[in-house]
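Close look at the chain arrangement
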Amino acid sequence: MIKFDKIKKMKIDELLKKYSFMSNYFETNNFENLDYKSTLEENINKLDNEELEELGVKKDDILLKIEEYIKQMIEFLGIKEDDDVNSISIIAGTNKFGNEEKYEELKIKKGEIICIVGPTGSGKSRLLADIEWVADRDTPTNRKILINGKNPDKKWRFSSSNRLVAQLSQNMNFIMDLSVEDFLQLHAKSRLVENPKELIEKIINSANDLAGEKFERETQITDLSGGQSRALMIADTAILSKSPIVLIDEIENAGVDRKRALELLIGEEKVVLMATHDPMLALLGNKRIVINNGGIEKIIETTEEEKEILKELEVIDKRMQGLRNGLRYGENLSNI
Ligand SMILES: Nc1ncnc2c1ncn2[C@@H]1O[C@H](COP(=O)(O)OP(=O)(O)OP(=O)(O)O)[C@@H](O)[C@H]1O
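So, a few notes on the structure that sits alongside this text. This one's a predicted model, so the numbers in the text were calculated from it and none came from an experiment.

Each value, and the rule that gives it
Residues numbered from 1 in each chain as written. Predicted model: local features only at pLDDT ≥ 70, side-chain atom pairs only at ≥ 80, totals over all residues. Helix = DSSP H or I, 4+ residues; strand = E, 2+ residues; numbered from the N terminus. Rg over C-alpha atoms; globule rule 2.2 N^0.38 Å. Buried ≥ 20, exposed ≤ 12 C-beta atoms within 10 Å, placed from the backbone. Contact = placed C-beta atoms within 7 Å. Near = placed C-beta within 6 Å. Expected span 1.5 Å × (residues − 1). Axes fitted to C-alpha atoms, helices over the stretch in contact; angles between N-to-C directions. Parallel < 35°, antiparallel > 145°, perpendicular 65-115°, else oblique. Left-handed = near helix turned anticlockwise from the far one by under 90°. Nonpolar A, V, L, I, M, F, W, Y, C, P; charged D, E, K, R; others polar. Core = buried A, V, L, I, M, F, W, Y, C linked by C-beta atoms within 7 Å. Pairing = 2+ DSSP bridges.

1. With respect to the overall build of the chain
Along the backbone of the chain there are 14 helices and nine strands. Taken over C-alpha atoms, the radius of gyration comes to 22 Å for the chain, in line with the 20 Å a tight globule of 336 residues would show. With respect to the three principal axes, the spread of C-alpha positions in the chain is 65 × 55 × 45 Å. Residues counted as buried form 31% of the 336 residues belonging to the chain. The long-range fraction of contacts in the chain, counting pairs at least 24 apart against all pairs at least 6 apart in sequence, stands at 68%.

2. Points about the site of the ligand
Near the ligand you find 15 residues, and of these Gly-123, Lys-124, Ser-125, Arg-126 and Gly-294 are the closest. Sorting elements by how many residues they give to the shell around the ligand places helix α7 (residues 124-132) first, with three residues.

3. A short note on unusual backbone geometry
For Asn-30, which is not glycine, the phi dihedral falls at a positive 60°. The phi torsion at Val-134 lies on the positive side, around 50°, for a residue other than glycine. Structurally, the position occupied by Val-134 is in the loop between α7 and β4 (144-147). Classification of Val-134 by C-beta neighbours within 10 Å gives buried; the count is 22.

4. Quick look at helix α11 (residues 226-239)
With 14 residues, α11 should cover 20 Å at 1.5 Å per step; its first-to-last C-alpha distance of 20 Å lies within 8% of that length. Of all 14 residues that make up α11, twelve are buried, and the element is covered over most of its length. Along α11, the residues that are buried comprise Gln-228, Ser-229, Arg-230, Ala-231, Leu-232, Met-233, Ile-234, Ala-235, Asp-236, Thr-237, Ala-238 and Ile-239. If you follow the buried residues of α11, they end up packed against β5 (165-168), α9 (180-190), α10 (197-210), β6 (245-249) and α12 (258-267).

5. Remarks on the packing of α11 against α12
Two elements in contact, α11 and α12, have axes whose closest approach is 8 Å; the angle formed by their N-to-C orientations is 15°. By the angle class used here, α11 and α12 are roughly parallel. α11 and α12 meet at a crossing whose hand is right-handed. Here Ile-234, Ala-235 and Ala-238 of α11 come into contact with α12, specifically with Ala-261, Leu-264 and Leu-265. Here the contact of α11 with α12 is built from residues that sort into six nonpolar, no polar and no charged.

6. Structural notes on the nonpolar core
In this structure, Ile-203, Ile-234, Ala-235 and Val-272 are the most contacted members of the largest nonpolar core, which totals 61 residues. Setting aside residues up to four positions removed in sequence, Val-272 forms contacts with Ile-113, Val-246, Ile-248, Leu-262, Leu-265 and Ile-266. The next biggest cluster of nonpolar side chains, apart from the first, holds ten residues, and it includes Leu-15, Leu-16, Ile-66 and Ile-70.

7. Observations regarding the sheet that holds strand β2 (residues 105-109)
Pairing is antiparallel across the open sheet formed by three strands, whose spatial order is β2-β1-β4. Looking along the sheet, the strands with just one partner apiece sit at the ends: β2 and β4. In this sheet, adjacent strand axes meet at a mean angle of 20° when their direction is disregarded. As paired elements, strand β1 (residues 87-91) and β4 share four bridges and run antiparallel to each other. Opposite Ile-90, over in β4, you have Ile-145 as the bridge partner.

8. Brief notes about the sheet that holds strand β7 (residues 271-275)
The sheet built from six strands is open, its strands ordered β5-β6-β7-β3-β8-β9 with mixed pairing. Each of the sheet's edge strands pairs with one partner strand only, and the pair in question is β5 and β9 (295-301). Averaged over all adjacent pairs, the angle separating strand axes in this sheet is 20°, with direction ignored. As judged from the four bridges shared by β5 and β6, these two strands associate in the parallel manner. Pairing of Ala-166 across the sheet is with Val-246, part of β6.

Set out below in structure tokens:
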């Protein structure tokens, strides 16, 4: 059952993200001046008589028609409303020595950034893999993953269109000879986005916001620098990927504004889990999971005092960035 009261209160860009078929509806029904940052209801309420005449419907009927259309499309496409992931829970298992982990359950909600810290070989990647596999006491750690507090549907393991997790890895090696725009078109098609034009523009703008040097939609992806391609993949994952969870293996500093990258992912309502050794990134998180000998030893919430340290680190980071840029552009560093 769809909850139309909730749908009415969704901003148009959220609505298009959730129901990409609506772009087609708006286009074929001549909705021309949509404000993407306002809700569906607000957009309909502000239509004037002239616009209503153009649309050929009464104001009161528009929402009813849209509700009916969404219902039919959901049925036709076989979309399940319970695909929405609002939280994941990690239920404790055992460490490498077979001892029980020192927590019972860790619930992570949408919009939270959780960092995973611990020495080399301690089991950080194993934890990420448990989440990706939706472990059910059937991995070396014996952990169990719940989705929305419940035993998850096995489809998360086997369906390719319903990926629970998007992985952001460090190095993107593009080998195809495509422009940025064609590459994103391909991605959008494979993710069944019907009218990807606006999304592609949003991705390119966001990526350019994150990267030091701007690129164009016509730029060949093989010509992108390391930082530019990382920025493109982050924006693509945030905006186009339907996976509700993003796993990150440390975002390299070079060429990407990491704080903005995290803000972009969180703004798109994802659960973000990030393995990192960098104090600045760790403090940007809401919590950090400390792993040792394969087990979760502690879960630490970032305190207000720690957030103060973050401010210091941001000043240092800015200074480093300034010097790095100076170096790049051949300046005398003592003048910076
Ligand atoms: N609870 C556990 N029980 C049994 N084996 C485990 C457990 N946790 C991790 N391991 C195993 O320990 C090995 C090292 O773990 P992993 O690769 O996850 O470490 P890591 O912290 O990601 O290391 P690095 O920082 O070097 O990438 C792996 O073979 C993993 O399967």
